Structure formats: structure tokens, C-alpha cells
Amino acid sequence: MDPRMRHRILAAICLTTGLALPSASGAGESPVVVELFTSQGCSSCPPADALLKSFAGRRDILPLALHVDYWDYIGWKDTFGDPAHAERQRAYARHAGARMIYTPQIIVGGMEHIVGVKPGVLEKAIRMEAAAPDLVSLSLRPAGDKVEISARALGPIPDGTIVQLVRVRPSQTVDIGRGENAGRTFTYSHIVTDWTRIGLWNGEVPFTRKISAPGKDETVVIVQEPGPGRILAAAVLR
């Protein structure tokens, strides 16, 4: 059976019956990653930006705002826009067999795709992902002027699993000068400023790495199936 389908079936059983799923680490220890693909130039995006902001302080959710650049042509260049974010969104679409990408669009746990602002659907998807057993134990800790990453597989993981370093700015206020949101001021949150692959891993031995400290931005590490597919673990050092 496809591991993604098995994951969804197990999570659905847990939600509908209240049974705990077996895991060496227990279900839900890793926060559920919620990626919002958004744009300052998109008039439909502010409610989604506000929804992502509402997750601040929740330890069970790791919200990430990936600002895309493909709306820049309508009059306002997104100050956080990055073509790499748009390419990540397209890669998700290709992996899922989808033909279109949208803003706003949310990806939960690398698995569930949600177009538009649908808080109820989003919370259900978050619960579904949180109910699944952790397959990787992941931790970050300061080590002098470095951050030490330590990951250990709790079961079989795909060869070519990707370990990724993400830098996240907690918040920043922007005055929009042109485009669909001209004249409005927004305080954006959980802004991804950099996303870098730092290694491939098959889980046979623990993964350890030391990286530079982040400065003012937060350090996030995400372990994800190739594709990009399901997010196996995530951790943040604030």
C-alpha cells in the first residue's frame, strides 16, 4: 500500500475512533507544518495571511508564509516574493497530479492541499496530520555560535528523504503602494526568508549537522519525503 494512503487511513481511524496510534515517539510530537502560498499583490490573500497569523504561539502547528512572485506583474512587487517559493508550489502540484496553482493556497504536512480560506477544512487537515505517528525524532539545540541538528528514524523512511533548513522572520509590516491592495498596510507573520536543502538521508544512521546560527530570524528544520511529499518531522529554534 502507498505509504501516503496508509498514513491517511491510520489518521482517519484515530480521529473517528479515538484510538491512539502506536509510535516510538507517540503521535503529534512534531508540529504540523502549514505552508501558505501567498502574495502581497493578491486581493484574496489578506484573510489567509490573517488566518496564518492566528496560529502564532501554538506549539502543535508550525506556520510558514511562502510569498510567491507570479503576481508581481499586476503592479506591486512582493517584498518577500521568491521564485523558489513558486517553484516549490509547482512541485507540490506536479507531485499531486494537479494542473493549477493558486493564491492563497495552503499545504498541510506536505499532503493536504487547500485552496482559499477554509478554517474548518484546515483544522480538520491539521488534526488528521497530528494524529499520525511520528516517523522521525528531530531536535535542534544551540552549540556555541552554531545550531546542532539531530534526527533519528523511528521506522523505515524513503531513500532520498530531504533535510531542509528554513529561515523564518516572525513578523514585518509593509505598506502596499500599488496593485490590488494599494493603500493598505499589513503586518505579515511567519515569513520564509530562505529555504535550503542541507542533505539527503535514508534513515539507516542518525543525521547530524551543525549550521550557522540564524541571527534575527528563527531556525526551522523540516524532514520531508522526496516529491515533495509528506513532512516526516519539523522543529524550530526561536
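Look up a bit, the structure's there.
Cut-offs applied
- Here, residues in each chain are numbered from 1, in the same order as that chain's written sequence.
- For a predicted model such as this one, the threshold for reporting local features is a pLDDT of at least 70, and the threshold for listing and counting side-chain atom pairs is 80 or more; totals across whole chains, interfaces and linings nevertheless cover every residue.
- To get the side-chain values, take all heavy atoms of the structure and skip hydrogens and water.
- Helix numbering and strand numbering both begin at the N terminus, where a helix is a DSSP run of H or I of at least 4 residues and a strand a DSSP run of E of at least 2.
- Contacts are assigned to residue pairs that have any heavy atoms within 4.5 Å of one another.
- Accessibility throughout is a Shrake-Rupley quantity obtained with a 1.4 Å probe, and a residue counts as covered only by protein chains that appear here.
- How far a helix is expected to stretch is found by multiplying one less than its residue total by 1.5 Å.
- Think of it in three bands: with a 1.4 Å probe and only protein chains considered, a residue is buried below 20% of the maximum accessible area for its type, exposed above 50%, and partly exposed in between.
- In protein, a polar contact requires one atom able to donate a hydrogen and another able to accept it; more generally it is a pair of N or O atoms within 3.5 Å, and residues adjacent in sequence count only if both atoms are side-chain atoms.
- Throughout, nonpolar core names a set of buried Ala, Val, Leu, Ile, Met, Phe, Trp, Tyr and Cys residues whose side chains join them through atoms within 4.5 Å.

K.L.:
Teacher, can you tell me more about the overall build of the protein here?
P.N.:
Of regular secondary structure, the protein possesses four helices and eleven strands. For the protein, restricting intrachain contacts to residue pairs at least 6 apart in sequence, the fraction spanning at least 24 positions comes to 69%. Total accessible area computed for the protein in this model is approximately 11,300 Å², and 53% of it derives from carbon and sulfur atoms.

K.L.:
Quick question: what am I supposed to make of helix α3 (residues 83–96) here?
P.N.:
Given 3.6 residues to a turn, an α-helix orients residues that are three or four positions apart in the same direction. Taking 1.5 Å of rise per residue, the 14 residues of α3 would be expected to cover 20 Å, and the 20 Å separating its terminal C-alpha atoms lies within 8% of that figure. Along α3, the residues that are buried comprise His 85, Ala 86, Arg 88, Gln 89, Ala 91, Tyr 92 and Ala 93. Its side-chain oxygen placed 2.8 Å from the backbone nitrogen of Ala 84, Asp 82 serves as the N-cap of α3. Once α3 ends, the next one or two residues include Gly 97, with phi positive near 75°.

K.L.:
Before we go on, may I ask you to explain the nonpolar core in this structure?
P.N.:
Nonpolar side chains in soluble globular proteins tend to end up buried together. Counting residues in hydrophobic clusters, the biggest one holds 20 residues, and the most contacted among them are Val 136, Leu 138, Ile 149, Trp 201 and Val 223. Counting residues per element, the ones that place at least two in this core are β5 (136–143), β6 (146–153), β7 (161–175), β8 (185–201), β9 (207–212), β10 (218–224) and β11 (231–237). Setting aside residues no more than four positions away along its own chain, Leu 138 makes contact with Ile 149, Ser 150, Ala 151, Val 221, Val 223, Ala 233, Ala 234 and Ala 235. Within the second largest apolar cluster, 17 residues are counted, among which are Ile 107, Val 166, Ile 231 and Ala 234.

K.L.:
Would you take a moment to explain the side chain of Ser 30 for this structure?
P.N.:
Here Ser 30 lies in the loop between α1 (3–17) and β1 (32–38). Taking relative accessible area as the criterion, Ser 30 reaches 14% and is therefore assigned buried. Of note is the side chain of Ser 30, whose polar atom sits 2.8 Å from the backbone nitrogen of Ala 234. Filtering out sequence-adjacent residues up to four positions away, Ser 30 remains in contact with Asp 134, Ala 233 and Ala 234.

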